[in-house]
Amino acid sequence: MHILIGLGNPGPKYANTRHNLGFMAIDSLAESSVWKSECRAETQKVQIAGKDILLVKPQTFMNLSGECVQALMAFYKVKPENLLVFSDDINLACGKMRIRPNGSAGGQNGLKNIIEHIGQNFARVRIGAGKVPEHWELINWVLSPISKEDKPLCDDAISKVKELCQVYLTKGVDMAQNLFNG
């Protein structure tokens with residue numbers, strides 16, 4: 001089994017914000033609107049590329065995402081190598097994605113918390129949230145709704161998530177990097 005995790009904040013207040021691009025990625029893979037509640041997360045089992053996948057949206061808020069990730073990995077006996085995490089990235093332009101086999105948190109607090117709980121040996125996909133505009137505070141930017149100018153760019157990136165996952169699951173992270181890093 002593989003676990004695909006989208007980082008975000010729960011609740012309608014945050015639904016269409018830049019910080020919830022990870023949730024949007026996972027929602028694009030969901031096969032129904034029915035989610036199960038377990039380990040402080042919403043989960044749904046699907047098949048992608050013939051593989052069993054657990055889709056996960058932590059309900060712990062961004063900065064505590066590692067708690068539910070660690071619990072789900074233990075419950076399902078999944079190794080970090082079978083984990084793929086989707087998060088927003090303010091260092092990437094809207095519409096851009098970057099997949100990596102491992103690495104640092106790069107300033108993303110959800111990734112930082114996961115690393116604190118399970119280490120760095122998991123793949124991640126960063127989805128561009130756009131750079132923080134001058135005179136904006138970081139927290140206000142990532143928690144702001146995606147603007148009408150940026151929405152088509154973000155939607156385009158999200159529309160590529162399923163294909164990215166199919167390549168990642170069948171041909172590996174290197175091939176996914178070659179095709180989707182932009």
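Just above, that's the structure.
S.K.: I'd like a description of the sheet that holds strand S5 (residues 83-89), backed by residues and values.
M.R.: One open sheet accounts for seven strands, arranged S2-S3-S4-S1-S5-S7-S6; its pairing is mixed. Among the strands making up the open sheet, the edge pair consists of strand S2 (36-38) and strand S6 (97-100). Strand-to-strand, the axes of this sheet are offset by a mean angle of 25°, without reference to chain direction. Pairing of S6 with strand S7 (residues 123-128) involves four bridges; the strand directions are antiparallel. If you follow Arg-98 over to S7, its bridge partner there is Arg-126. Across the sheet, helix H3 (residues 109-118) is in contact with S5 and S7; its angle to S5 comes to roughly 150°.

S.K.: Describe the pattern of salt bridges, listing the residues and the values that go with them.
M.R.: Here the structure, examined in full by the defined rule, presents seven salt bridges. Among the salt bridges present, the one from Asp-27 reaches Lys-57, with a minimum N-O distance of 2.7 Å. A residue pair is termed long-range when its members are at least 10 positions apart, and Asp-27 in helix H1 (residues 21-27) and Lys-57 in strand S4 (residues 51-58) qualify at 30 residues. In this structure, the salt-bridge partner of Glu-67 is Arg-40, at a minimum N-O distance of 3.1 Å. Of this pair, Glu-67 sits in helix H2 (residues 65-76) while Arg-40 sits in the loop between S2 and strand S3 (41-48), and the two are 27 residues apart along the sequence. Each of the salt bridges in this network shares a partner with another, and the network as a whole consists of Asp-27, Glu-42 and Lys-57.

S.K.: Describe H2, with residues and values.
M.R.: With twelve residues, H2 should reach 16 Å at 1.5 Å per residue; the first-to-last C-alpha distance of 17 Å fits that figure. In this fold, the buried residues of H2 make contact with strand S1 (2-6), S2, S3, S4, S5 and H3. Once H2 ends, the next one or two residues include Lys-77, with phi positive near 55°.

S.K.: Explain the side chain of Gln-177 to me, using residue names and the numbers behind them.
M.R.: Locating Gln-177 in the fold gives a position in helix H7 (residues 173-180). The class for Gln-177 is buried, based on a relative accessible area of 18%. With residues near it in sequence (within four places) discarded, Gln-177 still touches Ile-99, Arg-100 and Pro-101.

Here is what the cut-offs are and how they apply
- Residues numbered from 1 in each chain as written.
- Predicted model: local features only at pLDDT ≥ 70, side-chain atom pairs only at ≥ 80, totals over all residues.
- Heavy atoms only, no water.
- Pairing = 2+ DSSP bridges.
- Helix = DSSP H or I, 4+ residues; strand = E, 2+ residues; numbered from the N terminus.
- Axes fitted to C-alpha atoms, helices over the stretch in contact; angles between N-to-C directions.
- Contact = heavy atoms within 4.5 Å.
- Salt bridge = Lys/Arg side-chain N within 4 Å of Asp/Glu carboxyl O.
- Expected span 1.5 Å × (residues − 1).
- Buried < 20%, exposed > 50% of the residue type's maximum accessible area, 1.4 Å probe, protein only.

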